[in-house]
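# Observations on the model geometry
Take a look at the letters that make up each chain.
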Amino acid sequence: NTSDKMEAWRQAGISYLRYSNICAQVVRRSLKEPLKAKAVSRDAADMKIQSFEAGKRTAVRITSEDK
Amino acid sequence: WQQKMLRLAWAARMKAPVVFPAVGSGVAMAVRSMSGEAEAVATQKDSSALPHKLSLSFMGPNDAICTKKPVDMVLVPGVSGIFGVLPGHVPTISELKPGVVEITSASEVSKYFISSGYAFVHANSALEVMAVEAHLLDDLDHDAVLSGKKEAEMQVKNAKTDVEKAEAQLTLEVFTAMAEALQSK
């Protein structure tokens with residue numbers, strides 16, 4: 001019964017979130033233009049990382065500004 | 001529901017049996033009143049009173065392809081296999097694998113390729129299909145799919161760690177599903 005088996009990606013240590021993002025990425029990159037350009041922009045996920053030390057803010061890093 | 005309750009209360013006072021019309025609801029309720037109290041007895045779902053249409057809501061995080069659209073049948077790629085949803089389908093929750101959602105409405109068939117998602121069939125013949133990416137088969141680039149599939153096959157061979165291998169395998173599965181969908185268009 002397939003419902004008793006853990007899915008292959010789960011067994012290999014991939015989370016559902018990563019699994020669905022990989023599938024979505026593959027589909028987005030296989031689209032025809034002009035849909036593709038719009039879709040690939042959805043691939044990008046950026047974040048702002050604020051570090052703290054002993055209660056004080058230290059470094060800030062915004063991934064979209066990484067070189 | 002409120003209307004039904006009002007009619008029940010009315011029937012209780014009138015001490016008369018009330019049968020609710022089955023059109024659009026599929027459930028007939030008979031009311032017997034003894035000592036002034038209404039007793040609602042739900043009878044079996046009359047198969048001739050099943051809704052004639054599925055109410056389909058097909059959506060993704062960015063947009064909705066349709067919301068509460070009346071359709072006749074939807075084929076859905078569940079992880080345990082493709083299954084068809086007709087009006088009156090048993091309530092179901094199913095995870096979806098990369099594949100084709102086929103919507104039949106008045107002998108018109110539309111096919112969408114979805115990357116992954118979930119399908120929820122509700123008791124009132126409402127079907128919700130949630131997919132991260134859902135596109136018409138015509139919007140898939142045939143050449144990109146075939147070349148991507150070849151590349152993915154190479155990556156499966158070259159993958160070293162377990163995670164790399166699983167991700168490459170997954171990528172290959174999605175490309176294979178897309179190639180199959182395009183072939184059977």
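All of the points below concern the structure found in this document. The model shown is predicted, which means the values in this text are computed figures rather than measured ones.

Counting across every chain of the model gives 7 salt bridges over all chains. In this structure, the salt-bridge partner of A:Asp43 is A:Arg28, at a minimum N-O distance of 2.7 Å. Taken together, the residues A:Asp43 in helix 3 (residues 35–43) and A:Arg28 in helix 2 (residues 16–28) connect sequence positions 15 residues apart. Judged by its relative accessible area of 19%, A:Asp43 falls in the buried class. B:Glu133 serves as the salt-bridge partner of A:Arg42, at 3.2 Å between the closest nitrogen and oxygen. Linking A:Arg42 in helix 3 with B:Glu133 in the loop between strand 11 (126–131) and strand 12 (134–136), this pair reaches from one chain into another.

Contacts between chain A and chain B engage 21 residues on the former and 30 residues on the latter. Summed over both sides, the interface of chain A with chain B buries roughly 2100 Å², with 64% coming from carbon and sulfur. In this structure, the connection of chain A to chain B is made through 3 salt bridges. Measuring nitrogen to oxygen at the nearest pair gives 3.0 Å for the salt bridge that ties B:Glu167 to A:Arg18. Where chain A packs against chain B, one counts 6 residue pairs in polar contact (both at pLDDT 80 or more). Looking at the side of chain A that touches chain B, the elements that each hand over two or more residues are helix 2 and helix 3 of chain A. Top element by residues in the side of chain A that touches chain B is helix 2 of chain A. It accounts for 10 residues. Classifying every residue of the side of chain A that touches chain B by side-chain character gives 12 nonpolar, 3 polar and 6 charged.

Cut-off values and rules
Residues numbered from 1 in each chain as written. Chains lettered and ligands numbered in written order. Predicted model: local features only at pLDDT ≥ 70, side-chain atom pairs only at ≥ 80, totals over all residues. Heavy atoms only, no water. Salt bridge = Lys/Arg side-chain N within 4 Å of Asp/Glu carboxyl O. Helix = DSSP H or I, 4+ residues; strand = E, 2+ residues; numbered from the N terminus. Buried < 20%, exposed > 50% of the residue type's maximum accessible area, 1.4 Å probe, protein only. Contact = heavy atoms within 4.5 Å. Buried area = accessible area lost by both parts, 1.4 Å probe. Polar contact = N/O pair within 3.5 Å; in protein donor to acceptor, adjacent residues only side chain to side chain. Nonpolar A, V, L, I, M, F, W, Y, C, P; charged D, E, K, R; others polar.

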